[in-house]
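The chain contents come next:
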Amino acid sequence: SERARRQLREAAVRPILQKPGPISRLMALALAAVVVLGLVAFAYQVVEGMSVDGYSDAAFWDVNIANFITVVGVAYGGAVISAVLRLTGASWRAPLVRIAEGTSVICVLVGGAAIIPSLGRPERMWQFFTRPNFSSPLIWDALAIGTYAFASIVFFVLPLIPDLVVAERTLGERAGRLRLALWRLSSRGWRGTPAQRRLLRRMTGFLAVLI
């Protein structure tokens, strides 16, 4: 019945309106402190030079490159899990797929940022685009990460389009102006027609194989 469907939609979007509890706030503060500490260490490295980070004539790989490889590897793992579950059509996959896709997006962005401390002159990053040195592996890292980040974000957003429409119609103004604006922009033109659903499945499957 319509009442049952409305109740189901309300239950599905209820977590969006929930306020963070004290444990969540404490974790956010702890993680923010780690980020601030990392920024302070990065500023110290920029001022004192790359030697404080373990670089020398004999050692040009350090913890930043290890972080980059590790975190991007996790991102690839999340993409593989999501792609396999989507291509196999497992009916129980939805929660795992969303977690894997979200993890993939966050990890590829964090892993990509790990390249920045590895640069001797990070303020010259703009030269990646204006004067690329294609003999440097960092250029290929940046191209690979940029391409993969874009594909991962699209792969994450596409399956959310029907859900964003449901959230917008169910919550309305309760969601806040910013959320509504983002939801409407991301789901613009979605009507849920059979043709749109077929196209969405094809595009999602194509990106799953491509990634």
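Residues numbered from 1 in each chain as written. Predicted model: local features only at pLDDT ≥ 70, side-chain atom pairs only at ≥ 80, totals over all residues. Heavy atoms only, no water.

Let's talk about the overall build of the protein
Looking only at helices and strands, the protein has nine helices and zero strands in total. Reading the protein from its N terminus to its C terminus gives the helix and strand order α-α-α-α-α-α-α-α-α. In terms of overall size, the protein is more extended than a compact globule, its C-alpha atoms giving a radius of gyration of 21 Å where 211 residues would be expected to give roughly 17 Å. When the backbone C-alpha atoms are referred to their principal axes, the protein occupies close to 70 × 40 × 30 Å. In the protein, which comprises 211 residues, the proportion classed as buried is 30%. Taking the intrachain contacts of the protein between residues at least 6 apart in sequence as the baseline, contacts between residues at least 24 apart amount to 65%. A total of about 14,300 Å² of accessible surface is found on the protein, and carbon and sulfur atoms cover 68% of it. Averaging the locations of the 24 positively and 12 negatively charged side chains of the protein gives two centres separated by 17 Å. (Helix = DSSP H or I, 4+ residues; strand = E, 2+ residues; numbered from the N terminus. Rg over C-alpha atoms; globule rule 2.2 N^0.38 Å. Buried < 20%, exposed > 50% of the residue type's maximum accessible area, 1.4 Å probe, protein only. Contact = heavy atoms within 4.5 Å. Areas by Shrake-Rupley, 256 points an atom, 1.4 Å probe, with all protein chains shown as cover. Lys, Arg positive; Asp, Glu negative; His and termini not counted. Charge placed at Lys NZ, Arg CZ, Asp CG, Glu CD.)

Let's talk about the nonpolar core
Phe68, Ala75, Val108, Ile145 and Tyr148 are the most contacted members of the largest nonpolar core, which has 13 residues in total. At the level of secondary structure, the elements contributing two or more residues to this core comprise α3 (63–88), α4 (94–113) and α6 (137–157). With nine residues, the next largest nonpolar core counts Phe155, Val165, Leu200 and Leu207 among its residues. (Core = buried A, V, L, I, M, F, W, Y, C linked by side-chain atoms within 4.5 Å.)

Comments concerning the packing of aromatic side chains
In this structure the tally under the stated criterion is two aromatic pairs. Ring centres 5.7 Å apart and planes at 50° place the aromatic pair phenylalanine 134 and tryptophan 140 in the tilted group. (Phe/Tyr/Trp six-rings, centres within 6.5 Å; stacked < 30°, edge-to-face > 60°.)

Focus: the environment of glycine 54
Relative to the helices and strands, glycine 54 is located in the loop between α2 (22–48) and α3. Glycine 54 sits 41 residues away from valine 13 along the chain, and the two C-alpha atoms are 48 Å apart.

Examining the packing of α3 against α4
Closest axis-to-axis distance for the α3/α4 pair is 8 Å, and the angle between their directions is 155°. When the axis of α3 is compared with that of α4, the two are roughly antiparallel. Crossing of α3 against α4: the hand is left-handed. Listed contacts from α4 to Phe68, Val71, Val72, Val74, Ala75, Gly78, Ala79, Ile81, Ser82, Leu85 and Arg86 of α3 are Leu96, Val97, Arg98, Ala100, Glu101, Thr103, Ser104, Cys107, Val108, Val110, Gly111 and Gly112. Among the residues forming the contact of α3 with α4, the class breakdown is 14 nonpolar, six polar and three charged. (Axes fitted to C-alpha atoms, helices over the stretch in contact; angles between N-to-C directions. Parallel < 35°, antiparallel > 145°, perpendicular 65-115°, else oblique. Left-handed = near helix turned anticlockwise from the far one by under 90°. Nonpolar A, V, L, I, M, F, W, Y, C, P; charged D, E, K, R; others polar.)

Topic: the environment of serine 187
Looking at the element boundaries, serine 187 is found in the loop between α8 (177–186) and α9 (194–210). Sequence separation between serine 187 and isoleucine 161 is 26 residues; the distance between their C-alpha atoms is 5.1 Å.

Focus on the side chain of threonine 170
Along the polypeptide, threonine 170 turns up in helix α7 (residues 161–171). Under the relative-accessibility criterion, threonine 170 is labelled buried at 13%. Ignoring sequence-local partners within four residues, the contact set of threonine 170 consists of Arg9, Glu10 and Val13.

Observations regarding the pattern of salt bridges
Overall, the coordinates contain three salt bridges when judged by the stated rule. Residue arginine 98 is joined to aspartate 163 by a salt bridge in which the shortest nitrogen-to-oxygen separation is 2.8 Å. With a gap of 65 residues between them, arginine 98 in helix α4 and aspartate 163 in helix α7 connect regions that are remote in the sequence. Judged by its relative accessible area of 31%, arginine 98 falls in the partly exposed class. A salt bridge links arginine 184 to glutamate 168; the nearest nitrogen and oxygen atoms lie 2.9 Å apart. On the criterion of sequence distance, the pair formed by arginine 184 in helix α8 and glutamate 168 in helix α7 is long-range, its members being 16 residues apart. (Salt bridge = Lys/Arg side-chain N within 4 Å of Asp/Glu carboxyl O.)

Geometric values such as these leave the question of function open.
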